[in-house]
Amino acid sequence: MERPAWAPRSIDISMPSVSRMYDYYLGGSHNFEVDREAARKAMEFMPGLPKIMQANRAFMRRAVRFAADEGIDQFLDIGSGIPTFGNVHEVAQSARPGAHVLYVDHDPVAVAHSEAVLGDNDDADVLAADLLKPHEILASPQLQRLIDLNRPVALLLVAILHFVEDADDPYGAVAELRDALAPGSLLIVTHASYEGIPLPPERAEGAVDVYKNIRNPLIMRSREQIARFFEGYDMVEPGLVPMPDWRPDTASEDEDPYSFSGFGGVGRTA
Amino acid sequence: MTAEPDGPEDRLRRFATIWSRAVFPVTSTSLTRPEFEQLLIPLARRLKDALRARTFEAAEGQAVGAALVAAHCTDPEALSRALDCVDAYLVLYCGEDGSQEALRTRSARLQHAMAAGFAQALRERTLAEQEAISRAALSARSAVAEALHASEARFRAVFEGAAIGIGIADLEGNVLQVNGALLRMFGGSEQLMLGRKVPEWTHPEDAPQVWRLYEELVRGEREHYHVEKAFYRPDGTALWTNLTVSLLRDADGEPQYQLALMEDTTERRLLNLRLRYEATHDALTGLPNRTLFFERLEKALSAGDGQRFGLCYLDLDGFKTINDSLGHAAGDRLLVEVADRLQSCATAPGEMVARLGGDEFVALTTGTGTEHEVDELAGRIMNALVTPISIDGRELTVRGSIGIVEGPAGERGPAEVLRSADITMYRAKSAGGNRFELADPEADARAITRHGLTTALPAALDRGEFFIEYQPLVHLGDGSVRGAEALVRWLHPQHGVLGPDRFIPLAEHTGLIVPLGRWVLEQSVRQARAWQERHAGAGPLRINVNLSPCQLTHPGLVQDTVDILEREGLDADALCLEVTESALIGADDDLLKPLRRLAEMGVDIALDDFGTGYSNLANLRRLPVSILKLDRSFTQGMQQFPADPVDLKIVEGIVSLAHSLDLAVTVEGVETGAQAEQLRILGCDTAQGWYYARPGPPERLHELALVDATG
């Protein structure tokens, strides 16, 4: 039975949250023991997980700056999680003061924390909503206030699509969002994949299983499958690539081998 | 800031580069390494200044340690690497020319301070973040709790305010919660409702599948079911509901509760029952009506092998008279009393009594022994009617005629059975009434034909299906044709030519005889007029036309006859109206008056079928009759040779009597010459019969008359 829109999800902090695990990988303390326990278990299989997260953060930072350089001043970050250092609004607003940022997450703790972090930042807000219900996001008063859909928007789907199973039709949700965006908008995506992980797949599967056990399965997709999220977009150079290879600021020999796991890319609507 | 190669600034930057290369791999910053290095330069400068300061400031070292934490170097390994780096390179790159010994000591103390500052900052950051996330969790929880509370309140309002009854029970059938509407439906207390398990809520009228569906649901094999179900209220009355039961599962899909939604349909059901009762019962007597009877009859007739049915079709004798004389109210009371008595005759299972309408009732018996049961039933009904019924102080004797149909199920339809019963009832009625008759297929067939003819009669007259044949009347003295008797025929589209005996009684019964008789008279008179014109020299040809008893009493008889004669231009004395002897038996003056009027005008009146009706011979004198037509039975005895002497004597006597009363005698059924001769000798005046001619078209008479005239 479909949960009515007004019936909130329950909060069970005895269950690990992917947002708080992500924070833990990045050395933060916005997490509880259950989160750390699950994260440590995943790291037993993939000790370099924090490096992937770091590469993910760095990619996001470069992509946001790229968007700002392109003249985009409104950012829609779906699956924003626990606000950590180097957030979208920090990066965007330092590049373009006054840029509007709307964070969206379905984890009520992440949303509550975001609210606390954003405080009296008038140009940024957070919305509790689900990627799979794009109409709820698009029709929300928060979006109406901050985002003008008649002008280009940078839509960030960073490290979120790999938490949506095909059965829930993530492609449909992404397409629905795309159709709401003005020409010249950007889609910024990172996605987990077995491709690029410097480990035999069996080891990586151990980490994947951890997510399965916390009822937040990690869907590893191939590059081709990930590329399909960009349907209707023109890929920005250099296309869909390992994250450190996307418009790097420095030579990538500095990079940890783990950071080449998965893919990142940016597309532009025609 | 530019730095000259290997100058102090350049050396400071090289130290920062080494430091950033050492620490960057273990940081979680999203900065690039060069950016990170830029971040370290001011920290390196601070360390350099503290290294070379006159007095040692621990706060400087602590600030650098804290700055590392602020730059997201929260991993202890980052501190370790930073200290390694400071230990190995700070004095080397930033010590310049001071005392190595003093510089190394100062560096060591700076490292201690850095470590302390790092630890202090990390501790504060960790606590702050823990505090922040806890607060976030708490506020999220309270938001959720608030929303839950609101939704719980909404649910509670829906549950309590719902117009339909809602009950929740576990899978063992323990009732956990019921809403107000449900309590009101049952009229019981919550305690009473919660005290009973669901499987105890049985009712004798539960459909067979109700509890099977229930079992399937609580076993998790069925998601929901919908039934019409009755419950006992605590006061023992029945509560009828439209009941929907759904299985509620938990988040893992395990069956957990059963949810019952019920709508009180008791009143609607009562209304339906009442409407159904009203639609199937007779308002006057309360007996089942035609609709219900047909349903039951249909059921009885479609019952399985070995099942039989018996049907009594009762029509009260003379009910119309009672209605007409005592009024409808009395008639209705009589019907109610009859209904009550009939009801008491059919009390066994499988028996029923119904009122079809008017004074027609039926009693039905079903089962395997109806062959004798139906006779007993008919007997009981006849008996029940024996005692007079008292209405308005009068004792009314009620009689009835019953038609009985009995037979095996599965052979005939209800309409056929009822028609057979109806026909049989009429047979009982025409046999005098106050009796019952058993259906007989042959009698049915006859009646069916009769019925068909009766209904076809009016249209037949309109469509011109009747025609007239004429049988010559011959003068016995000279053998000349003196006239003809008009005999009406019906050319029926299916049955062919039918004689008057087949349809005149039916026409009498329906009253069609009046227009039919008028038509026959008109045609015959016209024909007679036509003959007279063609045989002016052969003397007047007369025409005999039959009058039925019904026509005799019709008030328009005289006027119609006069009109027709005048219109067609025929003299009254050319017309003879034949009236049967039986129609005039016991006739009073009122009946005879029109005949007298006609006779005075010159119309001859013949007494037809004379000798069959036991007429009072003395009475003949007062009848306006001028001709006796001897019935054919008298002439039959003269067909053989020698003729029956008794017949001869009788005919001779009648002729003598007639002549003495100034009546002419006509004989019918003359078939042989010997007969004709004999009758002539006996003094009969006129004859008709096959010896002369069979009835035929008018042209045939014309020919006979011509032969007669020329021969």
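All figures in this text were calculated on a predicted structure; none of them were measured in a lab.

Visitor: Sorry, what's going on with the overall build of chain A here?
Guide: Summing up its helical and strand segments, chain A has ten helices and seven strands in all. Counting all 270 residues of chain A, 53% fall into the buried class. Counted over contacts in chain A with a minimum sequence separation of 6, partners at least 24 positions apart contribute 74%.

Visitor: Explain the overall build of chain B to me, please; I cannot follow it from the model alone.
Guide: Helix and strand content of chain B: 25 helices and 21 strands. The buried share among the 711 residues of chain B stands at 34%. Looking at chain B alone, contacts between residues at least 24 apart form 63% of all its contacts between residues at least 6 apart.

Visitor: Sorry if this is basic, but what is going on with the sheet that holds strand E8 (residues 360-367) of chain B here?
Guide: Strand pairing in a sheet relies on backbone hydrogen bonds. The paired strands run either parallel or antiparallel. All names here are of chain B. Spatially, five strands are ordered E7-E8-E6-E11-E12 in an open sheet, and the strand pairing comes out mixed. Only two strands of the sheet have a single partner each, and these edge strands are strand E7 (351-357) and strand E12 (435-438). For this sheet, the mean angle separating the axes of adjacent strands, direction not counted, is 20°. Packing of helix H13 (residues 370-384) onto the sheet brings it into contact with strand E6 (308-317), E8, strand E11 (399-408) and E12, and relative to E6 it is tilted by some 20°.

Visitor: What is the right way to look at helix H21 (residues 589-601) of chain B in this model?
Guide: In an α-helix, one turn spans 3.6 residues, which is why side chains three or four residues apart end up on the same side. Residues and elements named next belong to chain B. Taking 1.5 Å per residue, 13 residues should reach 18 Å; H21 reaches 18 Å between its end C-alpha atoms and fits that length. By the burial criterion, the buried members of H21 are Pro594, Leu595 and Leu598. Of the surrounding secondary structure, the elements contacted by the buried residues of H21 are helix H19 (557-568), strand E17 (575-580) and strand E18 (604-610). Positive backbone phi, approximately 115°, marks Gly602, located one or two places after H21.

Visitor: Can you help me understand unusual backbone geometry in this one?
Guide: Backbone geometry follows two general trends: most residues other than glycine have a negative phi, and most peptide bonds adopt the trans configuration. With omega at 5°, the peptide bond leading from Glu237 of chain A into Pro238 of chain A counts as cis. Relative to the helices and strands, Pro238 of chain A is located in the loop between strand E6 (233-235) and strand E7 (263-269). Positive phi, close to 60°, is recorded for Arg215 of chain A, a residue that is not glycine. Following the sequence through the fold, Arg215 of chain A ends up in the loop between helix H9 (201-213) and helix H10 (223-227). Take Arg215 of chain A: there are 8 C-beta atoms within 10 Å of it, and that puts it in the exposed class. Positive phi values are uncommon outside glycine, yet Asp609 of chain B reaches one of about 50°. On the secondary structure map, Asp609 of chain B appears in strand E18.

Visitor: Teacher, can you tell me more about the sheet that holds strand E4 (residues 154-158) of chain A here?
Guide: Residue and element names in this part refer to chain A. The seven strands are arranged E3-E2-E1-E4-E5-E7-E6 in an open sheet whose pairing can be described as mixed. Looking at which strands have only one partner, the edges of the open sheet turn out to be strand E3 (124-128) and E6. Averaged over neighbouring strand pairs, the angle between their axes works out to 20° when direction is ignored. Summarising the sheet, strand E5 (residues 186-191) and E7 pair through six bridges and their orientation is antiparallel. Residue His191 lies in a different strand from E7, and its bridge partner there is Phe263.

Visitor: What should I look at first to understand the interface of chain A and chain B in this one?
Guide: It is common to give the size of an interface as the accessible area lost on bringing the parts into contact. Every contact between the two is made by 29 residues of chain A and, on the other side, 26 residues of chain B. Elements that contribute at least two residues to the side of chain A that touches chain B include exactly helix H3 (49-69) and helix H5 (108-118) of chain A. Here the residues of the side of chain A that touches chain B sort into 14 nonpolar, ten polar and five charged.

Visitor: Even after reading the chapter, I still don't get the pairing of strand E20 (residues 664-667) of chain B, so can you show me in this structure?
Guide: Taken residue by residue, a regular strand's side chains alternate between the two faces of the sheet. All names here are of chain B. Note: strand E19 (residues 627-630) against E20, four bridges, orientation parallel. When the bridges of E20 are listed, Leu630 appears paired with Val667. Two strands pair when backbone bridges link them, and E20 and strand E21 (residues 686-687) are joined in this way by two bridges, in the parallel orientation. Considered in E21, the bridge of Val667 is made with Ala687. Between E20 and its parallel partner E21, the chain crosses via helix H24 (residues 673-682), and the hand of that crossover is right-handed.

Visitor: Just checking my understanding: could you explain the packing of helix H2 (residues 33-52) of chain B against helix H5 (residues 100-161) of chain B for this structure?
Guide: Angle between the axes and distance between the axes are the two parameters that describe a pair of packed helices. Residues and elements named next belong to chain B. Two numbers describe how H2 lies on H5: the axes approach to 9 Å, and their chain directions differ by 130°. Looking at the two axes, H2 sits oblique to H5. The hand of the H2/H5 crossing is right-handed. Packed against H2, whose contacting residues are Leu47, Ala50 and Leu51, the element H5 presents Leu103, Arg106, Ser107 and Leu110 at the interface. Residue composition of the contact of H2 with H5, by class: five nonpolar, one polar and one charged.

Visitor: Explain the pairing of E12 of chain B to me, please; I cannot follow it from the model alone.
Guide: Residues and elements named next belong to chain B. Relative to E12, E11 runs parallel, the two being bridged by four bridges. Directly across from Ser401, in E12, lies its bridge partner Arg435. Since E11 and E12 lie parallel, the crossover through helix H14 (residues 414-430) that links them has a hand, and here it is left-handed.

Visitor: Would you explain the nonpolar core in this entry?
Guide: Side chains that are nonpolar tend, in soluble globular proteins, to be buried together. In this structure, Ala154, Leu155, Leu156, Leu157 and Ile188 of chain A are the most contacted members of the largest nonpolar core, which totals 89 residues. Sort the elements by how many residues they give to this core and H3 of chain A lands first, with ten residues. Beyond its immediate sequence surroundings of up to four residues, Ala154 of chain A is in contact with Val64, Ala67, Ile72, Phe75, Leu186 and Ile188 of chain A. Formed by 61 residues, the second largest nonpolar core is a distinct cluster that contains Ile513, Leu521, Leu623 and Ile654 of chain B.

Visitor: What is the right way to look at the environment of Leu83 of chain B in this model?
Guide: Residue and element names in this part refer to chain B. Note on placement: Leu83 falls in helix H4 (residues 76-94). For the pair Leu83 and Trp19, spaced 64 residues apart in sequence, the C-alpha separation works out to 9.3 Å. Ignoring sequence-local partners within four residues, the contact set of Leu83 consists of Gln111, Met114 and Ala115.

Visitor: How do you make sense of the packing of H4 of chain B against H5 of chain B when you look at a structure like this?
Guide: All names here are of chain B. Across the interface, H4 lies against H5 with an axial gap of 9 Å and an inter-helix angle of 165°. It follows from the interaxial angle that H4 and H5 lie roughly antiparallel. With respect to the hand of their crossing, H4 and H5 are arranged in right-handed fashion. Residue-level inspection shows Leu79, Leu83, Val86, Asp87, Leu90 and Val91 of H4 in contact with H5, the latter providing Gln100, Leu103, Arg104, Ser107, Leu110, Gln111, Met114, Ala115 and Phe118. Class assignment of the residues belonging to the contact of H4 with H5 gives a composition of ten nonpolar, three polar and two charged.

Visitor: Help me out: how do you make sense of the environment of His451 of chain B in this one?
Guide: Residues and elements named next belong to chain B. Topologically, His451 is positioned in helix H15 (residues 441-462). Given 16 C-beta atoms within a 10 Å radius, His451 is considered partly exposed. When the C-alpha atoms of His451 and Leu506 are compared, they prove to be 8.8 Å apart, with 55 residues separating the residues in sequence.

Visitor: How should I be thinking about helix H16 (residues 500-510) of chain B in this particular structure?
Guide: Residues and elements named next belong to chain B. Residues of H16 that are buried include every one of Phe503, Ile504 and Ala507, and no others. Projection of H16 onto a plane perpendicular to its axis shows the buried side chains occupying an angular sector of 110°, all on one side. Turning to H16, the residues buried within the fold contact H15, strand E14 (481-492), strand E15 (496-498) and helix H17 (513-534).

Visitor: Just checking my understanding: could you explain the confidence of the model for chain B for this structure?
Guide: Regions with low pLDDT should not have their predicted coordinates read in detail. Taken residue by residue, chain B gives an average pLDDT of 87. The fraction at 70 or more is 97%. Taken over the whole predicted complex, pTM reads 0.53, whereas the ipTM for its chain interfaces reads 0.86.

Visitor: Looking at this model, I keep getting lost on the confidence of the model for chain A. Mind explaining?
Guide: Residue and element names in this part refer to chain A. When pLDDT is averaged across chain A, the result is 89; 95% of the residues are at 70 or more. Here H9 stands out as the element of chain A with the lowest mean pLDDT, 86, in contrast to E4, whose mean of 97 is the highest. A low-confidence stretch, residues 1-8 stays under pLDDT 50, and its non-local contacts, those more than four residues away or across chains, total five contacts.

How each quantity is defined
Residues numbered from 1 in each chain as written. Chains lettered and ligands numbered in written order. Predicted model: local features only at pLDDT ≥ 70, side-chain atom pairs only at ≥ 80, totals over all residues. Helix = DSSP H or I, 4+ residues; strand = E, 2+ residues; numbered from the N terminus. Buried ≥ 20, exposed ≤ 12 C-beta atoms within 10 Å, placed from the backbone. Contact = placed C-beta atoms within 7 Å. Pairing = 2+ DSSP bridges. Axes fitted to C-alpha atoms, helices over the stretch in contact; angles between N-to-C directions. Expected span 1.5 Å × (residues − 1). Nonpolar A, V, L, I, M, F, W, Y, C, P; charged D, E, K, R; others polar. Right-handed = clockwise from strand over helix to strand, strands pointing away. Parallel < 35°, antiparallel > 145°, perpendicular 65-115°, else oblique. Left-handed = near helix turned anticlockwise from the far one by under 90°. Core = buried A, V, L, I, M, F, W, Y, C linked by C-beta atoms within 7 Å. Arc of directions from axis to C-beta. pLDDT = per-residue confidence, 0-100.

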